[in-house]
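# Working through the structure, step by step
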There are 2 protein chains.
Amino acid sequence: MNKLLIVGTVAFDAIETPFGKTDKILGGAGTYIGLSASFFNVKSAIVSVVGEDFPQEYIDMLINRGIDVSGLEVVKGGKTFFWSGRYHNDLNSRDTLETQLNVLADFKPVVPQNFNDADVVMLGNLHPLIQSSVLDQMEGQPKLVVLDTMNFWMDCALAELLQVMKRVDVITINDEEARQLSGEYSLVKAAAKIHEMGPKYVVIKKGEHGALLFHNRHVFFAPALPLEEVFDPTGAGDTFAGGFTGYIAQSENISFENMKNAIIYGSNMASFCVEEFGTQRMVRLHKEEVLERLQQFRALTQFDIALETAK
Amino acid sequence: MNKLLIVGTVAFDAIETPFGKTDKILGGAGTYIGLSASFFNVKSAIVSVVGEDFPQEYIDMLINRGIDVSGLEVVKGGKTFFWSGRYHNDLNSRDTLETQLNVLADFKPVVPQNFNDADVVMLGNLHPLIQSSVLDQMEGQPKLVVLDTMNFWMDCALAELLQVMKRVDVITINDEEARQLSGEYSLVKAAAKIHEMGPKYVVIKKGEHGALLFHNRHVFFAPALPLEEVFDPTGAGDTFAGGFTGYIAQSENISFENMKNAIIYGSNMASFCVEEFGTQRMVRLHKEEVLERLQQFRALTQFDIALETAK
């Protein structure tokens, strides 16, 4: 079975949406990526850090899903990273109410020895230097390295971000961030510029409007599934990344054709994530539901135009 | 060959985008619909009105594309409908600078006798009473009636709009208008409510974010083609409608499966329209380019996930 190494936060979130609010619940990019990837036949590990306040039951839940947590450092006396935010009515934008870095401030990721030969590495959204230090610890070149990042690092660690971008195969980024990073409004032009910065594959996430995969002059599009209600978008992008990398690692195929399937799986997993608060939906999700939704994605996008009718 | 009856404005537009501005150029929903539908093997006619100031060369151009203009009334001494607008930098919104109704104010559409048995009727965006009066003139029930409308009529002629909606099979409407008409933010819920108002098929246009086709519990999505540059969005929605109805009329098939193809063709045609000012691109477009772009839409959306890999 192929190995997937995941680096990303394991954290507490407090979320407000138009539909309700939560107390501190399980969150973090690493958590969402790991939960999503656990639906694929891969050996995955999360490298992250939490404080002593982090409940053992959350760690047990990850272990029960087959995720290796030997790289999840628990800092004695430390407090877990905490984020709280409030979504606007359209759920497309949010305000951060509070960020407590806590143990994340001094996070030095240590890749477990049994995962320094991972086939696929998913670098969740963290300081680019932390992302780089994970790559430094790998033995040889992984088959695929995927990087997620955000506007915050473009504002305050651009040079380091540009450095780590040269070392990755795929970048996932949202539309506004792609525009900021490239200085281009057109996403086609933005992807071409980001491509020149290193990543051979550029995935631009557009939230409810789907995701685009660019590779040289090729482009593929995966829509978001139209839902009756989006309840909480938190973690959707990370869940997408977990589905993308989980599927790639499982299928052992890093061709562009197979990456199309991977972003369909990414969208598939993300469509569940947003149905409930935080990780709730992902925790009770079954593989059968994922396969059923794959059929919905087919029905949503596949067509059959006979060329002879196209006179 | 099947007959397509088009009702919509034939007009002058003056357009400003971040890329430049035009003087009075050829525009109008009927014009865009007709040009787009002329790429399909159908007999089409435009019912509309212009003033004496409307250049004969424009009318000749429509005739040369095989469009019947016997229902295009030329009002002696009248002035042609004129609209001018300025697009914002993101091209997703615009301000109307000037609207001169002119001959449109007294428009009484007269369906030519040889088209009162049309197979497909495309009711372009006009006052709902004008749209109704066209349906009143049809002999028997057309195989498919498609209605386009806009928020303006929801604000000032809602009762009349709801009346004509009961008489059509398909409505095309943009996302904001679907929300206004239904009072639902979720487009899935909005489509369900609009469905109850009459149309069995609801097409929600999302501009650069593509178009959704709803029918009962089924949904299909056609993306917009990602372009290096959108030059001028004017007429894109009408060009979409022309491709949709042109393809349906040509293929003589009003099944949901075939409507999927029709909205792909609608998106295909619209992707050309936005590449240049006004009708410029549509006027010099060739069928070969449409077929080539159909391959691009395939590459953009079609995937092949083997179910056995989806363990």
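Going by the structure above, here's the rest.
Reference entry: report on the structure contained in this document. (Residues numbered from 1 in each chain as written. Chains lettered and ligands numbered in written order. Predicted model: local features only at pLDDT ≥ 70, side-chain atom pairs only at ≥ 80, totals over all residues. Heavy atoms only, no water.)

### A look at helix α2 (residues 56-64) of chain B
Residue and element names in this part refer to chain B. Among the residues making up α2, those that are buried are Y58, I59, M61 and L62. In an axial view of α2, the angular spread of the buried residues amounts to 155°, which keeps them on one side of the axis. Those residues of α2 that are exposed and angled more than 90 degrees off the buried face are E57 and N64. (Buried < 20%, exposed > 50% of the residue type's maximum accessible area, 1.4 Å probe, protein only. Helix = DSSP H or I, 4+ residues; strand = E, 2+ residues; numbered from the N terminus. Arc of directions from axis to C-beta.)

### Let's talk about the interface of chain A and chain B
On the chain B side, the residues contacting the 45 residues of chain A number 45 residues. Summed over both sides, the interface between chain A and chain B buries roughly 4200 Å², with carbon and sulfur atoms accounting for 53% of that surface. Of all residues in chain A, the largest losses of buried area upon contact with chain B belong to E228, F303 and I305 of chain A, amounting jointly to 17% of the total for that side. Applying the counting criterion to the chain A and chain B interface returns four salt bridges. Between E229 of chain B and K189 of chain A there is a salt bridge, and its shortest N-O distance comes to 2.6 Å. If you look at where chain A meets chain B, you find 20 residue pairs in polar contact (both at pLDDT 80 or more). Among the secondary structure elements, those contributing two or more residues to the side of chain A that touches chain B are α7 (187-196), β15 (218-222), α8 (236-251), α9 (256-273) and α11 (287-301) of chain A. Sort the elements by how many residues they give to the side of chain A that touches chain B and α11 of chain A lands first, with nine residues. Class assignment of the residues belonging to the side of chain A that touches chain B gives a composition of 22 nonpolar, ten polar and 13 charged. (Contact = heavy atoms within 4.5 Å. Buried area = accessible area lost by both parts, 1.4 Å probe. Salt bridge = Lys/Arg side-chain N within 4 Å of Asp/Glu carboxyl O. Polar contact = N/O pair within 3.5 Å; in protein donor to acceptor, adjacent residues only side chain to side chain. Nonpolar A, V, L, I, M, F, W, Y, C, P; charged D, E, K, R; others polar.)

### Some remarks on α11 of chain A
Its 15 residues give α11 of chain A an end-to-end C-alpha distance of 21 Å, which sits within 8% of 21 Å, the value for a rise of 1.5 Å per residue. V290, R293, L294, F297, L300 and T301 of chain A are the residues of α11 of chain A that are buried. Around the axis of α11 of chain A, the buried residues are gathered within 120° of arc, so they sit on the same side. The outward face of α11 of chain A, more than 90 degrees from its buried face, is lined by the exposed residues E288 and E292 of chain A. Where α11 of chain A is buried, its residues touch α9 of chain A together with β15 (218-222) and α11 (287-301) of chain B. (Expected span 1.5 Å × (residues − 1).)

### A few points about the environment of S36 of chain A
Residues and elements named next belong to chain A. Topologically, S36 is positioned in helix α1 (residues 29-37). Once the C-alpha coordinates of S36 and L285 are considered, the two residues, 249 residues apart in sequence, prove to be 9.6 Å apart. If we skip the residues at most four places from it in the chain, S36 touches T239, G242, G243, M269 and M282. Side-chain polar atoms of S36 contact the backbone nitrogen of G243, separated by 3.0 Å.

### Side note on the nonpolar core
Judged by nonpolar contacts, the single largest core of 222 residues is most densely connected at L5 and L123 of chain A together with L5 and L123 of chain B. Residues within four places of L5 of chain B in sequence aside, it is in contact with A45, V47, V111, F115, A118, V120, V121, M122, V134 and M138 of chain B. (Core = buried A, V, L, I, M, F, W, Y, C linked by side-chain atoms within 4.5 Å.)

### Brief notes about the pattern of salt bridges
In the structure shown here, the tally under the stated rule is 32 salt bridges over all chains. Taking the shortest distance from any N to any O, the salt bridge between R284 of chain A and E276 of chain A comes out at 2.4 Å. For R284 of chain A, a relative accessible area of 45% translates into the label partly exposed. One salt bridge in this structure joins E275 of chain B and R281 of chain B, with 2.8 Å as the shortest N-O distance.

### Observations regarding the relation of the copies chain A and chain B
Rotating chain A by 180° about the axis while translating it 0.0 Å along that axis superimposes it on chain B, leaving an RMSD of 0.0 Å. In the structure described here, the two chain copies are related by an operation that fits a two-fold rotation axis. (Least-squares fit on C-alpha atoms with pLDDT ≥ 70 in both.)

### Observations concerning the packing of α1 of chain A against α8 of chain A
All names here are of chain A. Contact pair α1 / α8: the axes reach a minimum separation of 7 Å and the direction vectors enclose 40°. One way to sum up the angle between α1 and α8 is to call them oblique. Of the two elements, α1 crosses α8, and the hand of that crossing is right-handed. Facing A29, Y32, I33, S36 and A37 of α1, the residues of α8 in contact are D238, T239, G242, G243 and G246. Considered class by class, the residues forming the contact of α1 with α8 number four nonpolar, five polar and one charged. (Axes fitted to C-alpha atoms, helices over the stretch in contact; angles between N-to-C directions. Parallel < 35°, antiparallel > 145°, perpendicular 65-115°, else oblique. Left-handed = near helix turned anticlockwise from the far one by under 90°.)

### So, the pairing of strand β13 (residues 201-205) of chain B
All names here are of chain B. Of all five residues in β13, five are buried, a share of seventy percent or more. The alternating pattern of β13 places Y201, V203 and K205 on one face and V202 and I204 on the opposite face, and all of these are buried. Across five bridges, strand β12 (residues 170-174) lies against β13 in parallel orientation. The partner of I171 across the bridge, within β13, is V202. For β13 and strand β14 (residues 211-215), the ladder comprises four bridges, and the chain directions are antiparallel. (Pairing = 2+ DSSP bridges.)

### Comments concerning the packing of aromatic side chains
All names here are of chain A. For the coordinates displayed, the defined rule picks out 17 aromatic pairs over all chains. On the numbers, 5.7 Å between centres and 35° between planes, the contact of F12 with F54 is tilted. Placement of the pair is F12 in strand β2 (residues 11-17) and F54 in the loop between β5 (43-51) and α2 (56-64), with a sequence separation of 42 residues. For the residue pair F12 and F54, the accessibility class agrees, reading buried in each case. Taken together, F12, F54 and Y58 form an aromatic cluster joined through their ring pairs. The ring centre of F82 lies 5.0 Å from the NZ or CZ of K24, which sits over that ring. Between the NZ or CZ atom of R179 and the centre of the ring of Y185, over which it lies, the distance is 4.0 Å. (Phe/Tyr/Trp six-rings, centres within 6.5 Å; stacked < 30°, edge-to-face > 60°. Lys NZ or Arg CZ within 6 Å of the ring centre and 35° of its normal.)

### Describing the packing of helix α8 (residues 236-251) of chain B against helix α9 (residues 256-273) of chain B
Residue and element names in this part refer to chain B. Their axes nearest at 7 Å, the elements α8 and α9 cross at an angle of 140°. When the axes of α8 and α9 are compared, the pair comes out oblique. As α8 packs across α9, the resulting crossing turns out to be right-handed. Contacts between α8 and α9 pair A236, T239, F240, G243, F244, Y247, I248 and S251 from the former with N258, M259, N261, A262, I263, Y265, G266, S267, M269, A270 and C273 from the latter. Taken together, the residues that form the contact of α8 with α9 break down as twelve nonpolar, seven polar and no charged.

### Topic: the pairing of β14 of chain B
Residues and elements named next belong to chain B. The buried fraction of β14 is high, at five of five residues. When β14 meets β15, the two strands line up antiparallel, connected through five bridges. What sits directly across from A211, in β15, is A222. The hairpin formed by β14 and β15 contains two residues between the paired strands, and N216 there has a positive phi angle of roughly 50°.

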